[in-house]
Amino acid sequence: ADRTVRTGSSGNANYVQVTFTMGATYSPNPDSGGLIPMDSVRAGRGTFFSTTTLEHLCDMYDEGNDTEGGDNVGLSGYTDEIFAFNQMVQQACGPKSAMCASPTSVPDQFVSFNIPLGFEVFDGQASNNLENNIFVSMVINAKDSSGCTNPGPNSGCDPLQVKTTLEASIPIVAGGINIFCD
């Protein structure tokens, strides 16, 4: 889902929320930085996945620097200060969503992951012909305990590491943008 948090009719912080479920035998891999390694999270905006430049947005967000050494967050050309972005996202009227927070546990098998896109990324971009999309690519790094009746380090049945790449195309459509604090 595309998310927008704003304080008025102009100026807004945009992020995309990727959600998925995991099977009951899967859990985040504690040996490798959690379920979603931050250096694997890439996103971009375009018409086709194959022609869209994907940027390491969580690395930029965590480091507080973009490739030019500034204090920016989000897609190139749609960036602004991390502090200002966080101020908008954490407003009382908004969802207070944590950005780039890899889950360390998933008790209900439902995963929700937020990627900061910057400011005013969706303005004038909603389209009914699916020409404007946010593309996301990230690695999912889990442990699979299927086949183990009592998994654990001393049980003789250690969970197996499982990695896969999740790629998503999220169209920017008017009905898919949630606006808070308007």
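Nothing here was measured: the structure is a model prediction, and the numbers come from that model. (Residues numbered from 1 in each chain as written. Predicted model: local features only at pLDDT ≥ 70, side-chain atom pairs only at ≥ 80, totals over all residues. Heavy atoms only, no water.)

Draft legend 1. Representation of helix α2 (residues 82–89) in the model. Buried within α2 we find I82, F85, M88 and V89. End-on view of α2: buried residues confined to an arc of 130°, all on one side of the axis. (Buried < 20%, exposed > 50% of the residue type's maximum accessible area, 1.4 Å probe, protein only. Helix = DSSP H or I, 4+ residues; strand = E, 2+ residues; numbered from the N terminus. Arc of directions from axis to C-beta.)

Draft legend 2. Inspection of the environment of N14 at higher detail. With respect to the helices and strands, N14 occurs in strand β2 (residues 12–21). Distance from N14 to F122, taken between C-alpha atoms, is 7.3 Å for residues 108 residues apart in sequence.

Draft legend 3. Spatial organisation of the environment of S32. Mapping S32 onto the fold places it in the loop between β3 (26–28) and β4 (42–46). On the accessibility criterion, S32 (28% relative accessible area) is partly exposed. Taking C-alpha positions, S32 is 7.8 Å from N141, a pair spaced 109 residues apart along the chain.

Draft legend 4. Geometry of the side chain of Q17. Mapped onto the elements, Q17 comes out in strand β2. What makes Q17 buried here is its relative accessible area of 16%. Within the structure, the side chain of Q17 is placed 3.0 Å from the side chain of S112, a separation counted as a polar contact. Polar side-chain contacts of Q17 include one of 3.2 Å to the side chain of N114. (Polar contact = N/O pair within 3.5 Å; in protein donor to acceptor, adjacent residues only side chain to side chain.)

Draft legend 5. Summary view of the nonpolar core. With 40 residues, the main nonpolar core has L35, F85, F113, I115, I134, V136 and M138 as its most contacted residues. Put simply, the parts of the chain that give this core at least two residues each are β2, α1 (57–63), α2, β7 (110–119), β8 (133–144) and β9 (160–171). (Core = buried A, V, L, I, M, F, W, Y, C linked by side-chain atoms within 4.5 Å.)

Draft legend 6. Here's a closer look at unusual backbone geometry. Of note in this structure, C100 is not a glycine but carries a positive phi near 55°. Examined against the element boundaries, C100 turns out to sit in the loop between α2 and β7. The residue Q109 is not glycine, and still its phi comes out positive at about 65°.

Draft legend 7. Focus on the packing of aromatic side chains. Counted according to the given criterion, the structure contains 2 aromatic pairs. Summarising the aromatic geometry, the rings of F49 and F135 are spaced 5.2 Å apart at their centres and angled 75° between planes, so their arrangement reads as edge-to-face. Of the two residues, F49 is situated in the loop between β4 and α1 and F135 in strand β8; the sequence distance between them amounts to 86 residues. What makes F135 buried here is its relative accessible area of 3%. Arranged with centres 5.8 Å apart and planes meeting at 90°, the rings of F85 and F119 form a pair that is edge-to-face. (Phe/Tyr/Trp six-rings, centres within 6.5 Å; stacked < 30°, edge-to-face > 60°.)

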